Every structure is written in structure tokens, then in C-alpha cells.
Amino acid sequence: MSTDPRPAAPVLVRADEAETLQDGALSLITLLADAGATGGALTANRATLSKGSPGAPAHFHTKATEVFLVLDGRVRVLVGDEIHHLSRGDFLTVPPTVPHAFAPAADSTAELLVLFTPGLRRFDYYRLLERVHRGEASVREIRDSSELYDNHYVESPVWRAELDRS
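My aim in this report is to walk through the structure given alongside it, one point at a time.

What counts, and where the lines are drawn
Residues numbered from 1 in each chain as written. Predicted model: local features only at pLDDT ≥ 70, side-chain atom pairs only at ≥ 80, totals over all residues. Heavy atoms only, no water. Helix = DSSP H or I, 4+ residues; strand = E, 2+ residues; numbered from the N terminus. Rg over C-alpha atoms; globule rule 2.2 N^0.38 Å. Contact = heavy atoms within 4.5 Å. Areas by Shrake-Rupley, 256 points an atom, 1.4 Å probe, with all protein chains shown as cover. Core = buried A, V, L, I, M, F, W, Y, C linked by side-chain atoms within 4.5 Å. Buried < 20%, exposed > 50% of the residue type's maximum accessible area, 1.4 Å probe, protein only. Salt bridge = Lys/Arg side-chain N within 4 Å of Asp/Glu carboxyl O.

## Topic: the overall build of the protein
In step 1: Each helix and strand counted, the protein has four helices and 10 strands in total.
In step 2: What you see in the protein, going N to C, is helices and strands ordered as β-β-β-β-β-β-β-β-β-α-α-α-β-α.
In step 3: Taking 15 Å as the expected radius of gyration for a compact globule of 166 residues, we find that the protein reaches 15 Å, a close match to that expectation.
In step 4: Across its three principal axes, the protein shows a C-alpha extent of roughly 50 × 35 × 30 Å.
In step 5: Residue pairs in contact within the protein that sit at least 24 positions apart in sequence constitute 72% of those at least 6 positions apart.
In step 6: Counting every atom, the protein has about 8800 Å² of accessible surface; 52% of that belongs to carbon and sulfur.

Quick look at the structure:
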């Protein structure tokens, strides 16, 4: 979270100028606004998940609420020990410390607007995910960065069972 006391300026990101990263074989992350650009108010990205994408594994954040708005398709989301099925237009917030995960429904693609509030400096985390996907960094680097990016992975038998069903 930014501790910069200056008020944030408006942030405009044109679709054709946004940085897009491939963080897995079946998923893209489009970077919209990081905490530094918003005075710590929020971080925003768009997640594009192809059919069959494993999405994001079970994890939690200690400092921020994660917000999901389904822009297109259908998605399944773990919240605690419960699976929610969301469709276009559905909105969900996950408060700090609550384990969660997300992936497209088994027979669907999904596009999500994902926000963190207060903002977290996460763009370098997404770049790390892309480097791991390309074989330029190791999964260990992701684990070692959990405090820096406030992304803490957890085991979830409920989420594992959900993914095994597809």
C-alpha cells in the first residue's frame, strides 16, 4: 500500500496502450492501474481466462480486499470453503485474510475486472508470473515474494475437488 500523502491524479489507460502479460498457457493479465498511480487507493487489472485455464490458485491477502466484476463468461470462485458460480455482471468482494481462488467455469471462458483496495504494488508480481510461465524464473521466486506482494498461497481441498470435477 502506498503511503504517499499526495492526492492521486486521474488515471486513464487506453485499451491499446495497456500492458498485457501471459501468466499461463490459457490466461492473460492486462495491467490497468497500480497503487503508485492511484495514490494507494486501488490496483486494477483485467484477467482473461480461456476455457480450461486453472486460474488463480487458493491464496489470501493480509492488507487488501480483492474485488471481482465478471465482464464476460462464467467463473467459479472459492471464498473460504465455499464455491460461488458467477456470470456476466456479477460482483464479489473478498476481504483480507479470506482464502480465495478463481477459474473459468469448466465449459466457459471468463473475463474479469480485478481490483485491490487499498492498492497493492502488484504489477511486478504479474510480471514475475509471466517470467515463470516463460521459464525465465522459478516457482520458488513466487513463494519467496509472498510478503512483498501480499500474496499468500494456501492448500484448499475444496478448490482442488472443484478443479478435479472439470
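## Concerning the nonpolar core
In step 1: With 30 residues, the main nonpolar core has F68, V75, V77, L92, F102, L112 and Y126 as its most contacted residues.
In step 2: Those elements that place two or more of their residues in this core are β2 (27-33), β3 (43-49), β5 (65-79), β7 (91-94), β9 (110-117) and α1 (123-134).
In step 3: In terms of residue count, the dominant contributor to this core is α1 (six residues).
In step 4: With residues up to four places along the chain from it excluded, the contact list for F68 reads D90, F91, L92, V94, H100, F102, L112, L113 and V114.
In step 5: One finds A58, A101, A103 and L163 within the second-largest nonpolar core, a separate group that totals seven residues.

## Regarding the pattern of salt bridges
In step 1: Summed over the entire model, instances satisfying the criterion amount to eight salt bridges.
In step 2: Between E19 and R127 there is a salt bridge, with the nearest N and O atoms lying 2.7 Å from each other. Of this pair, E19 sits in strand β1 (residues 19-24) while R127 sits in helix α1; the two residues are 108 residues apart in sequence, bridging distant segments of the chain.
In step 3: A salt bridge links R140 to D144; its shortest N-O distance comes to 3.9 Å. In this pair, R140 and D144 are both assigned in helix α2 (residues 139-144), four residues apart and thus about one turn of the helix distant.
In step 4: The exposure class assigned to R140 is exposed, which follows from its relative accessible area of 52%.

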